[in-house]
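# Coordinate inspection notes
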Amino acid sequence: MEFIDLRSDTVTKPTPEMREAMYRAEVGDDVYGEDPTMNRLEEMAAERLGKEAALFVVSGTMGNLVSLLTHCGRGDEIIMGDKAHTFLYEQGGVSALGGIHVRTVPNLPDGTLDPQDVEAAIRPDNLHFPRTRVICLENTHNVCGGVPLTPQQMAPIKEIAERHGLAVHLDGARIFNAAVALGIEAKEIAAQADTVQLCFSKGLSAPIGSAICGPADFIREARRTRKVVGGGMRQAGVIAAAAIVALEKMVDRLAEDHENAHLLAEGLAEIPGLKIDPSSVKTNIVIFGVQAQVAEQEVVARLAERGVKVGVIGPGRLRAVTHYGITRQDIDRALVIIRGVMKELV
Ligand code: TLP
């Protein structure tokens, strides 16, 4: 069966142009800094985000981990939202591997953190307390429904961080979705953070990889950290080549995914038993509720039997993500199937 796979934009496959570029990539040993394709990708990523340097890592999880291990020593503290991907879905890696303490403040529904909450969470200099080092933001915010944060929404956090001598790290797994949705350059968003992790392997459709972007001295240290977690790569130009195509060719088309997500949300809003406000959908993530008496796992299972894959993101909450390879026709077909399944269950 041909599935309409809306579980995530991570399911995207490399484009024919990426495969061609991978085949032709010039390579060298990247641990020696001798992979020309990788060097080019890292320069491009830094330039796109307006940072001095960049470092390729294999995943978003590794990007956040290596960044935070580089910012912090054992016993230091990071402030982040209670719905942050790094807090919820990264195995608590910063604590497990880095002995770093995480302090959460509530994420507001628009994905932001209340500046007052953040400032109140910063530890005073006192023998009893861990030392606060970093504030983390996420843009777009996944669990808050893919909302993009504007630079203006991020600025108060940057200002607080600067005043207290802290760093801001941005989980920008989908920073280009945010930039496209807001009609601005990704570097305008990145300017509100010291270090940024961005993913090539989500909406941009590359098979593997993320980049950490930041100041040159930070990236030099991060390169050491990446090595100790086993992330030093050899002829990595093969995968960098696909990420170069992702940056050059796959950013502007994200607008199409956002349009499809909006169409999906509008359709879902018309289906009895489902709850969603279509105006809340700004990028490629569509989070919707199912009526209390309907088990979300049952909806997921029945949809999968009929060829539509979606994910569960919380009790009574499902997530559908649009991406390269999902067409407007797929959205129309998915809506017919979802309507049919909900009719059986409500
Ligand atoms: N998110 C995945 C799952 O882990 C939930 C998804 O399908 O959305 N930051 C953010 C904001 C993310 O959404 C993700 C992946 C990551 C980091 C981690 O990236 P990877 O999967 O490359 O380690």
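Up top you'll find the structure we're talking about.
What counts and how
- Residues numbered from 1 in each chain as written.
- Predicted model: local features only at pLDDT ≥ 70, side-chain atom pairs only at ≥ 80, totals over all residues.
- Heavy atoms only, no water.
- Core = buried A, V, L, I, M, F, W, Y, C linked by side-chain atoms within 4.5 Å.
- Buried < 20%, exposed > 50% of the residue type's maximum accessible area, 1.4 Å probe, protein only.
- Helix = DSSP H or I, 4+ residues; strand = E, 2+ residues; numbered from the N terminus.
- Expected span 1.5 Å × (residues − 1).
- Axes fitted to C-alpha atoms, helices over the stretch in contact; angles between N-to-C directions.
- Parallel < 35°, antiparallel > 145°, perpendicular 65-115°, else oblique.
- Left-handed = near helix turned anticlockwise from the far one by under 90°.
- Contact = heavy atoms within 4.5 Å.
- Nonpolar A, V, L, I, M, F, W, Y, C, P; charged D, E, K, R; others polar.
- Pairing = 2+ DSSP bridges.
- Salt bridge = Lys/Arg side-chain N within 4 Å of Asp/Glu carboxyl O.

### Thoughts on the nonpolar core
Judged by nonpolar contacts, the single largest core of 53 residues is most densely connected at Leu41, Leu49, Leu170, Ile175, Phe176, Leu198 and Phe200. Of the residues forming this core, the biggest block, 8 residues, is contributed by helix H11 (residues 237–249). If you look at the next biggest cluster of nonpolar residues, it comprises 29 residues, including Ala261, Leu274, Phe288 and Ala334.

### As for helix H3 (residues 60–71)
With 12 residues, H3 extends 16 Å between its outermost C-alpha atoms, agreeing within 8% with the 16 Å of an ideal straight helix rising 1.5 Å per residue. Looking at H3, one finds that the buried residues are Gly60, Met62, Gly63, Asn64, Leu65, Val66, Ser67, Leu68, Leu69, Thr70 and His71.

### Regarding the packing of helix H2 (residues 36–49) against H11
Between two packed helices, what matters for the description is the angle formed by their axes and the separation of those axes. Relative to each other, H2 and H11 sit at 30°, their axes nearing to 8 Å. Here H2 lies roughly parallel to H11, going by the angle between them. Between H2 and H11 lies a crossing of left-handed hand. Each of Thr37, Met38, Arg40, Leu41, Met44, Ala45 and Arg48 in H2 lies in contact with H11, whose residues at this interface are Gly237, Ala240, Ala241, Ala243, Ile244, Leu247 and Glu248. Each residue belonging to the contact of H2 with H11 can be placed in one class, and the counts come to 9 nonpolar, 2 polar and 3 charged.

### Some thoughts on unusual backbone geometry
Between Asn139 and the following residue, Thr140, the backbone shows a cis peptide bond with an omega angle of 0°. Assignment of secondary structure puts Thr140 in the loop between strand S5 (131–138) and helix H7 (151–164). Non-glycine residue Gln91 carries a positive phi angle of around 60°. Here the phi dihedral of Ser205 falls at roughly 75°; this positive angle occurs in a residue that is not glycine. Considering the arrangement of structural elements, one finds Ser205 in the loop between strand S7 (195–199) and strand S8 (210–214). In this structure Ser205 comes out as buried when scored by relative accessible area, which is 0%.

### Quick look at helix H10 (residues 216–228)
With 13 residues, H10 extends 19 Å between its outermost C-alpha atoms, agreeing within 8% with the 18 Å of an ideal straight helix rising 1.5 Å per residue. On its buried face, H10 sits against H2, strand S2 (53–57), H3, S7 and S8. Gly230 occupies a position one or two residues after H10 and carries a positive phi of about 85°.

### Side note on the pairing of S2
A regular strand places its side chains on the two faces of the sheet in alternate fashion. With 5 of its 5 residues buried, S2 lies for the most part within the structure. Residues Ala53, Leu55 and Val57 point to one face of S2 and Ala54 and Phe56 to the other, with burial holding for every one of them. Examined bridge by bridge, S2 and S8 share 5 bridges and lie antiparallel to one another. Across the sheet, residue Ala54 finds its bridge partner in S8, namely Cys213.

### Details of the pattern of salt bridges
In this structure the tally under the stated criterion is 19 salt bridges. Residues Arg24 and Glu20 are paired through a salt bridge, measuring 2.7 Å at the closest nitrogen-oxygen approach. Of the two residues, Arg24 and Glu20 both sit in helix H1 (residues 16–24), 4 residues apart, roughly one turn of that helix. Between Asp30 and Arg226 there is a salt bridge whose closest N-O contact spans 3.6 Å. Taken together, the residues Asp30 in the loop between H1 and H2 and Arg226 in helix H10 connect sequence positions 196 residues apart. Note on accessibility: Asp30 and Arg226 belong to one class, buried. Within this structure, Glu298, Arg302, Arg306 and Glu344 form a network of salt bridges that share partners.

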